[in-house]
Structures are given as C-alpha cells and as structure tokens.
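Read off the chains here:
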Amino acid sequence: MGAGLRSFPPDALAAYRRAVDEPSRGLELARLLRRLEGRGWQVDGASLSRVPAPYPRDHERAGLLRHRGLVMRRSDLLADALFVPELPAHLVEAYRSLKPLHRWLVNLQAGTFVPPL
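Described below are features of the structure shown in this document.

Here is what the cut-offs are and how they apply
- Residues numbered from 1 in each chain as written.
- Predicted model: local features only at pLDDT ≥ 70, side-chain atom pairs only at ≥ 80, totals over all residues.
- Heavy atoms only, no water.
- Pairing = 2+ DSSP bridges.
- Helix = DSSP H or I, 4+ residues; strand = E, 2+ residues; numbered from the N terminus.
- Axes fitted to C-alpha atoms, helices over the stretch in contact; angles between N-to-C directions.
- Buried < 20%, exposed > 50% of the residue type's maximum accessible area, 1.4 Å probe, protein only.
- Contact = heavy atoms within 4.5 Å.
- Polar contact = N/O pair within 3.5 Å; in protein donor to acceptor, adjacent residues only side chain to side chain.
- Core = buried A, V, L, I, M, F, W, Y, C linked by side-chain atoms within 4.5 Å.
- Parallel < 35°, antiparallel > 145°, perpendicular 65-115°, else oblique.
- Nonpolar A, V, L, I, M, F, W, Y, C, P; charged D, E, K, R; others polar.
- Expected span 1.5 Å × (residues − 1).
- Phe/Tyr/Trp six-rings, centres within 6.5 Å; stacked < 30°, edge-to-face > 60°.
- Lys NZ or Arg CZ within 6 Å of the ring centre and 35° of its normal.

## Quick word on the sheet that holds strand β3 (residues 70-73)
Read from one edge of the open sheet, three strands run β1-β3-β2, paired in antiparallel fashion. Looking at which strands have only one partner, the edges of the open sheet turn out to be β1 (2-5) and β2 (42-44). When strand polarity is set aside, the average angle formed by the axes of neighbouring strands in this sheet is 20°. With three bridges joining them, β2 and β3 adopt antiparallel strand pairing.

## Some words on the environment of Ser 97
Topologically, Ser 97 is positioned in helix α5 (residues 87-97). A relative accessible area of 14% places Ser 97 in the buried class. Once the C-alpha coordinates of Ser 97 and Leu 36 are considered, the two residues, 61 residues apart in sequence, prove to be 7.6 Å apart. The residues touching Ser 97, leaving out its near neighbours within four places in the chain, are Leu 36, Arg 39 and Trp 41. Only 3.3 Å separates the side chain of Ser 97 from the side chain of Trp 41, close enough to count as a polar contact.

## Description of the nonpolar core
What tends to happen in soluble globular proteins is that the nonpolar side chains get buried as a cluster. Counting 27 residues, the largest nonpolar core has Phe 8, Tyr 16, Leu 29, Leu 101, Trp 104 and Leu 108 as the members making the most contacts within it. Taken together, the elements giving at least two residues each to this core come down to α1 (10-21), α2 (23-38), α3 (62-65), β3 and α6 (99-110). With six residues, α1 is the largest single contributor of residues to this core. Beyond its immediate stretch of four places on either side in the chain, Leu 108 contacts Phe 8, Ala 12, Ala 15, Tyr 16, Ala 19 and Arg 25.

## As for the packing of α1 against α2
Running from amino to carboxyl end, α1 crosses α2 at an angle of 95°, the nearest separation of the two axes being 5 Å. As the angle between them shows, α1 and α2 are arranged roughly perpendicular. The residues of α2 that touch α1, namely those facing Tyr 16, Ala 19, Val 20 and Asp 21, are Pro 23, Arg 25, Gly 26 and Leu 29. Counted by class, the contact of α1 with α2 contains five nonpolar, one polar and two charged residues.

## So, α1
Relative to the 16 Å expected for twelve residues at 1.5 Å per residue, α1 spans 17 Å between its end C-alpha atoms, a close match to the ideal helical length. Within α1 the residues assigned to the buried category are Ala 12, Leu 13, Ala 15, Tyr 16, Arg 17, Ala 19 and Val 20. Considering only its buried residues, α1 is in contact with α2, α3, β3 and α6.

## Concerning the packing of aromatic side chains
Overall, the coordinates contain two aromatic pairs when judged by the stated rule. Relative to Tyr 16, the ring of Phe 8 has its centre 4.7 Å away and its plane inclined at 25°; by these criteria the two rings are stacked. You'll find Phe 8 and Tyr 16 in the same group, each marked buried. Ring centres of Tyr 16 and Trp 104 lie 6.2 Å apart, and the angle between their planes is 80°; on these two criteria the pair is classed as edge-to-face. Here Tyr 16, found in helix α1, pairs with Trp 104, found in helix α6; they are 88 residues apart in sequence, far enough to count as distant. Counting every residue linked through ring pairs, the aromatic cluster contains Phe 8, Tyr 16 and Trp 104. Directly above the ring of Trp 41 sits Arg 74, whose terminal nitrogen or CZ lies 5.7 Å from the centroid.

Structure representation (structure tokens):
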C-alpha cells in the first residue's frame, strides 16, 4: 500500500523540483519523509541517476531532486492484517499517517504551500 505519484506530469515535475530546491518547502518534505521512513514507510518512485540541471550535484536535497515521481509505500502492513477483522482500522491508520505527504503534494499541484500537519 502507498500514496503519491509514480511519475509526475512535466509541469508538476518542474513545480516539484522548484519546491524541493526552496529551503522551507524542501526541508519540510525531507523531514516529512524521514518521519515516515522512521515508521516503516519506504520512498519509491522513478528517479534519475544524476541531479537534473540547473541544480548543483551537491545540492543538500540531491536525492529528492533526482525523483521523477514520489511514492511512500509499505508491503508489510497487509501481510499481517489481511485476514483479520481489524483490516479496515489498519488501513485507515496507515493512510492517516500518509496524510501530510498527500497534503504536501496537493499544495504543490495547487501552487500553494500550507505546512503539513
């Protein structure tokens, strides 16, 4: 299970890279992803082998700039919960934890920035 975009459309990709480059938005995304990784989520999505121009190769968020899509996923949640009556509650809780990422991406698409919850 997961959330995000496997591949950004061209206009969204440009907006994503500008946001990652911007200190406040880029740092917020980096912190958000670290929190999710600490909870067992994994960053996934298409990525480039190099940082795209015009960004420097040693950019502090070079890893994020290389992404052409951004997805957070987990495969372990369903294996444990698939056949138990609590499955809906597990899914709700899992997707609730992804809400800040969803909000960040929605704000990106809308051209606004409201810090994630």
